[in-house]
There are 2 protein chains.
Amino acid sequence: MPQTTTPPTSTSPRHRVVIIGSGFGGLFAARSLKRADVDITLIARTTSHLFQPLLYQVATGILSEGEIAPATREIVRKQRNITTILGDVTDIDIAARTVTSDSLGRTAVTPYDTLILAAGAGQSYFGNDQFARYAPGMKDIDDALELRGLILGSFEQAELAAIRGDKQEAARLMSFVVVGAGPTGVEMAGQIAELSKRTLKSDFRHIDPTMAQVTLVDAAPQVLPAFGDRLGEIAQRRLEKMGVDVQLGAKVVDVDATGIEVQDVNDPSGYARRIEAVAKVWAAGVQASPLGPTVARQAGAETDRAGRVKVDPDLTLPGYPEVFVLGDMIALDDLPGVAQVAIQGGKFAARQVKHRLAGKPTDPAFHYVDKGSMATVSRFSAVASVGRLRFGGFVAWMLWLVIHLFYLIGFKSRITTLLHWFISFLGRGRSERAITEQQVFAREAIERLGEAHQPHLP
Amino acid sequence: MPQTTTPPTSTSPRHRVVIIGSGFGGLFAARSLKRADVDITLIARTTSHLFQPLLYQVATGILSEGEIAPATREIVRKQRNITTILGDVTDIDIAARTVTSDSLGRTAVTPYDTLILAAGAGQSYFGNDQFARYAPGMKDIDDALELRGLILGSFEQAELAAIRGDKQEAARLMSFVVVGAGPTGVEMAGQIAELSKRTLKSDFRHIDPTMAQVTLVDAAPQVLPAFGDRLGEIAQRRLEKMGVDVQLGAKVVDVDATGIEVQDVNDPSGYARRIEAVAKVWAAGVQASPLGPTVARQAGAETDRAGRVKVDPDLTLPGYPEVFVLGDMIALDDLPGVAQVAIQGGKFAARQVKHRLAGKPTDPAFHYVDKGSMATVSRFSAVASVGRLRFGGFVAWMLWLVIHLFYLIGFKSRITTLLHWFISFLGRGRSERAITEQQVFAREAIERLGEAHQPHLP
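This write-up is about the structure you can find in this document. Just so we're clear, the structure is a prediction, and the values are computed from it rather than from any experiment.

On to the overall build of chain A. A count of helical and extended segments in chain A gives 13 helices and 21 strands. In chain A, buried positions account for 60% of the 458 residues. As displayed, chain A has an accessible area near 18200 Å², and 54% of this comes from carbon and sulfur atoms.

Rendered as structure tokens:
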């Protein structure tokens, strides 16, 4: 049942703002409060701010994790009104206005006057969480490094299979499936194709990495649905030119250690066919942080199937004007789950807080300015949708390059990032191919499960 | 019982050389056989060549793992006579001349005409392997990333402890112990001190990272014993100036989750005192790969306590001239366990093989040319011992910088490495501070054990 609470007012001791999450929303909210007379506590599960749009480049050996994930406390080092703490938020009490977080078994309770909830979203397997063990998602640094080990490790295992004379197994190990044809899926499929066709081309003696089979699967009728059909077609043609097998209208119904099963959405018989692949990437679907439902339940607010909170037009929790919810956690006006929604939301929330404290009128509604969206398909080729303009190819790619360099928040990383890109785009190399033993172990677990698996009969 | 076997001769099919290990010894042997009429199989447990002298920079956030560990198959890509395979060598049969390796539960048996055994050494805990769980070693990428998480994570936990008001715990979490005052230990102690005094200086709000306590412990009477007492004193003074507590003549007798216990080697009472520290680094002692004892046993050759094989003067296993043993795996003329011994040994073995195949006389003995050794203590300060010259300070540091840049084998990494060094040496930043969840979990395990631990009574 919604309770109406009074908005915070400027009193002494200083107004306390708690921000949950160090992604785009949380970080931009924090930075926009730089000159505000507030005490900010930023609580995050990781020590770094992840520049998620480039995660696929860590997974495919172009960038190091440090380049896309600068330490949060280094970014806000000069902002003296902010305390950054590492913690997994386990509860929020919107009546008592407290946030409970856990770190290594120790609990911290942090009171707030304003709460900015920007905990983002994780991968969704649409109720089939068991798929996660065979098809890692693409949400954090661990995912990216695990996929790096899985993809590069598959070629290593294929070489061994070829030496043993087992050509079938070698082919199976050089088959890759990417589920989900949104920007991340398109980028991953394109990068795996480039990895095999260019980077690894001459690195093996018994397999031909250029024969690797990359399949991109989605239940939707086109790739990049959010970009419209013209750009979808451009991206699809470009992927197919690179040898990627694009299978649309194909719904994934099962995932196991050695492959996936898909159903044609237009086939009423429900026949499931199999695509063999040891290495699989899950880039389909997101599930908002469970903290959204936690506060929604207390406020009597609605959430959608993806766990996103139906917020008021000013991004606050209904009945709780001191609780802002941002980015991937909200269901409002069909806003897409992109960085710009979080960034603009973070700035908006900060401005609202400042206006309230100054006794100025606040804005009744958040207005999202669509600055356009883009996705890289391969080096030198991207698609971009800016206002009414929709274009693909080299110009779109250059735009992508400039914008991503510009937005990378950890300023010091830019020069090395530029260099790594230079190496990767102009040469054939990728300098970040190191795999840890931990990742080899993860790979090993998957493979052993694979051996125990009984293949389905068609 | 030693068997005498005949040296390989040039016959068709081509002479098969198997190299075990992708470290300095194995890689330089492989590269030196570039133009030889041989088929080389390089078997290694990791996919990359680790430039171990810079591992401490990965552990302390300066470099990324890719910069010090380029992919082995990329390094030897153009050398068409070499097949690189990923595998853990589980057995060597020197009578049958076969190497058995395992990868993800699959076994490969590789026959050889010449074997070059260069599997290096791991950390030795001098019979106390249980110490490893609390004090990670410094031998591979996993160790370095785990230590990165442990060191940076300790400051995160200290901040939380300070917010809780637990000053004692905060101080305990900001105490670091490095065991072993050889080059790696000196470099780690210096880097942790710099991290706290410079990089993290302004990053926290409730703790003062510059108050971190770094203790360097060794049973030896001086730091850097191999460098002579003058350089040892220079290094020690420099460390002490940076605030490192150097405790010499102190033998570690116990390690647990929250600290270590040391005995003064000159104190006959055997009294053990405690040094509190959650984060500990073990940089003392090496144990050669168990593959040395495996072949030694079969050949009736001797091994020393560290598992090193007493080879003939030409680096071959007694009675088995077709088996070369290199680098950290050999006990010969008190050769030190440094990269140059492995590199020169690898080149020597390759030359011997080529001479044998050409029917030319081989060299009866390996002659090591000491090119000098160096260790960095802090930025702008190193010690170097070259021939009879022994010097410290800025000139030694410049020499260190030039030589390490020059020797970094993955050529493409050099520019980004130079940049990361520039950032780290001239600025106060370190761009590679990203920690994975896996490492946070490792840290968590250690910490929970810490809570269960009952402190010893003095």
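Here we take up the pairing of strand β1 (residues 15-20) of chain B. Residue and element names in this part refer to chain B. β1 sits mainly inside the fold: five of its six residues count as buried. In this structure, β1 lies alongside strand β2 (residues 38-44), joined through six bridges in parallel fashion. Along β2, the bridge assignment pairs Ile19 with Leu42. Following the chain from β1 across helix α1 (residues 24-32) to the adjacent parallel β2, one finds a crossover that is right-handed. The pairing of β1 with strand β7 (residues 114-117) spans four bridges and is parallel. Paired with Val17 across the strands is Thr114, a residue of β7.

Residue and element names in this part refer to chain A. The antiparallel open sheet is built from three strands, whose spatial order is β4-β5-β6. Of all strands in the sheet, those bounded by a partner on one side alone are β4 (88-93) and β6 (106-111). Here the strands of the sheet are splayed against their neighbours by 20 degrees on average, with no regard to which way each runs.

All names here are of chain B. In contact at an axis separation of 7 Å, α1 and helix α10 (residues 339-357) are set at 35 degrees when each is read in the N-to-C sense. Pair α1 / α10 crosses with right-handed handedness. Of α10, the residues touching α1 (which contributes Phe24, Gly25, Phe28, Ala29 and Ser32) are Ala339, Ala342, Ile343, Gly346, Lys347, Ala350 and Lys354.

Attention now goes to the pattern of salt bridges. Between side chains of opposite charge, a pair can form as their charged atoms come close. Using the criterion set out here, one finds 32 salt bridges over all chains in the structure. Arg274(A) serves as the salt-bridge partner of Glu276(A), at 2.9 Å between the closest nitrogen and oxygen. The exposure class of Arg274(A) is partly exposed, given its relative accessible area of 22%. Salt-bridge contacts for Asp37(B) lead to Arg14(B); the nearest nitrogen and oxygen are separated by 2.7 Å. Residue Asp37(B) is found in the loop between α1 and β2, and its partner Arg14(B) is found in the segment before β1; the two are separated by 23 residues along the sequence. A network of salt bridges, in which partner residues are shared, links Arg106(A), Arg164(B), Glu169(B) and Arg172(B).

This part takes up the side chain of Asp256(B). All names here are of chain B. Within the element layout of this structure, Asp256 appears in strand β12 (residues 250-256). Relative accessible area serves as the criterion here: at 6%, Asp256 is assigned to the buried category. In terms of polar contacts, Asp256 uses its side chain to reach the side chain of Arg274, at 2.9 Å.

Quick look at the packing of aromatic side chains now. All told, the structure shown has 20 aromatic pairs over all chains when counted by the stated rule. These aromatic residues form a ring-pair network of at least three members: Phe380(A), Phe394(A), Trp397(A) and Trp400(A).

All names here are of chain B. Structurally, Ala36 can be placed in the loop between α1 and β2. For the pair formed by Ala36 and His355, sequence separation is 319 residues and the distance between their alpha carbons is 10.0 Å. In this structure Ala36 touches Arg14, Asn81 and Lys354, once residues within four positions along its chain are discounted.

Turning our eyes to something else, we now look at the sheet that holds strand β19 (residues 373-378) of chain A. Residues and elements named next belong to chain A. Pairing within the open sheet is antiparallel, and its three strands lie in the order β19-β20-β21. A single partner strand is all that each edge strand has here, and the edge strands are β19 and β21 (389-393). Sheet twist, expressed as the average angle between the axes of neighbouring strands with direction ignored, equals 10 degrees. The pairing of β19 with strand β20 (residues 381-386) spans five bridges and is classified as antiparallel. The residue bridging Thr376 from the neighbouring strand is Ala382, located in β20. Where helix α8 (residues 228-241) meets the sheet, its contacts fall on β19, β20 and β21, and the angle it forms with β20 comes to roughly 175 degrees. Along the sheet, helix α11 (residues 394-407) contacts β19, β20 and β21; its crossing angle with β21, the most-contacted strand, is approximately 100 degrees.

Attention shifts here to helix α1 (residues 24-32) of chain A. Residue and element names in this part refer to chain A. Burial analysis of α1 places eight of its nine residues in the buried class, which makes it a mostly covered element. Every buried residue of α1 is accounted for by Phe24, Gly25, Gly26, Leu27, Phe28, Ala29, Ala30 and Ser32. Looking at the packing, one finds that the buried side of α1 touches β1 (15-20), β2 (38-44), α4 (72-75), β3 (82-86), β7 (114-117) and α10 (339-357).

Let's shift gears to a positive patch on the surface. Residues and elements named next belong to chain A. A contiguous patch of positive charge on the surface is contributed by Lys34, Arg35, Lys78, Lys347, Arg351, Lys354, Lys360 and Lys371. Locating Lys354 in the fold gives a position in helix α10. According to the relative accessible area criterion, Lys354 is partly exposed, its value standing at 33%.

Residue and element names in this part refer to chain A. Residues Val386, Leu389, Leu399 and Ile403 make up a contiguous nonpolar surface patch of about 300 Å² in total accessible area. Residue placement: Leu389 occurs in strand β21. Relative accessible area serves as the criterion here: at 56%, Leu389 is assigned to the exposed category.

Among the nonpolar cores identified, the biggest contains 72 residues, and Ile68(A), Phe155(A), Met188(A), Leu216(A), Trp400(A) and Trp421(A) are the most heavily contacted of them. Among the elements that make up this core, the one with the highest residue count is helix α5 (residues 141-164) of chain A (eleven residues). The next biggest cluster of nonpolar side chains, apart from the first, holds 70 residues, and it includes Ile151(B), Ala161(B), Leu173(B) and Leu231(B).

Residue and element names in this part refer to chain B. Side chains of strand β15 (residues 279-282) alternate between two faces, with Ala279 and Val281 and Lys280 and Trp282 buried alike. Bridge count for strand β9 (residues 175-179) against β15 is four bridges, and the pairing is parallel. Paired with Val177 across the strands is Lys280, a residue of β15.

For residues that are not glycine, phi is negative in most cases, and the peptide bond is trans in most cases. Unlike most non-glycine residues, Leu104(A) shows phi in positive territory, near 50 degrees. Here Leu104(A) is to be found in the loop between β5 (98-103) and β6.

Residues and elements named next belong to chain B. The end-to-end C-alpha separation of α10 is 27 Å, in line with the 27 Å expected for 19 residues at 1.5 Å each. Of all 19 residues in α10, 14 are buried; the element is thus mostly enclosed. With its phi angle positive at about 70 degrees, Gly359 sits one or two positions after the end of α10.

Conventions and cut-offs
- Residues numbered from 1 in each chain as written.
- Chains lettered and ligands numbered in written order.
- Predicted model: local features only at pLDDT ≥ 70, side-chain atom pairs only at ≥ 80, totals over all residues.
- Heavy atoms only, no water.
- Helix = DSSP H or I, 4+ residues; strand = E, 2+ residues; numbered from the N terminus.
- Buried < 20%, exposed > 50% of the residue type's maximum accessible area, 1.4 Å probe, protein only.
- Areas by Shrake-Rupley, 256 points an atom, 1.4 Å probe, with all protein chains shown as cover.
- Pairing = 2+ DSSP bridges.
- Right-handed = clockwise from strand over helix to strand, strands pointing away.
- Axes fitted to C-alpha atoms, helices over the stretch in contact; angles between N-to-C directions.
- Left-handed = near helix turned anticlockwise from the far one by under 90°.
- Contact = heavy atoms within 4.5 Å.
- Salt bridge = Lys/Arg side-chain N within 4 Å of Asp/Glu carboxyl O.
- Polar contact = N/O pair within 3.5 Å; in protein donor to acceptor, adjacent residues only side chain to side chain.
- Phe/Tyr/Trp six-rings, centres within 6.5 Å; stacked < 30°, edge-to-face > 60°.
- Patch = residues over 30% accessible without salt bridge, like charges linked within 9 Å, V, L, I, M, F, W, Y side chains within 5 Å.
- Lys, Arg positive; Asp, Glu negative; His and termini not counted.
- Charge placed at Lys NZ, Arg CZ, Asp CG, Glu CD.
- Core = buried A, V, L, I, M, F, W, Y, C linked by side-chain atoms within 4.5 Å.
- Expected span 1.5 Å × (residues − 1).

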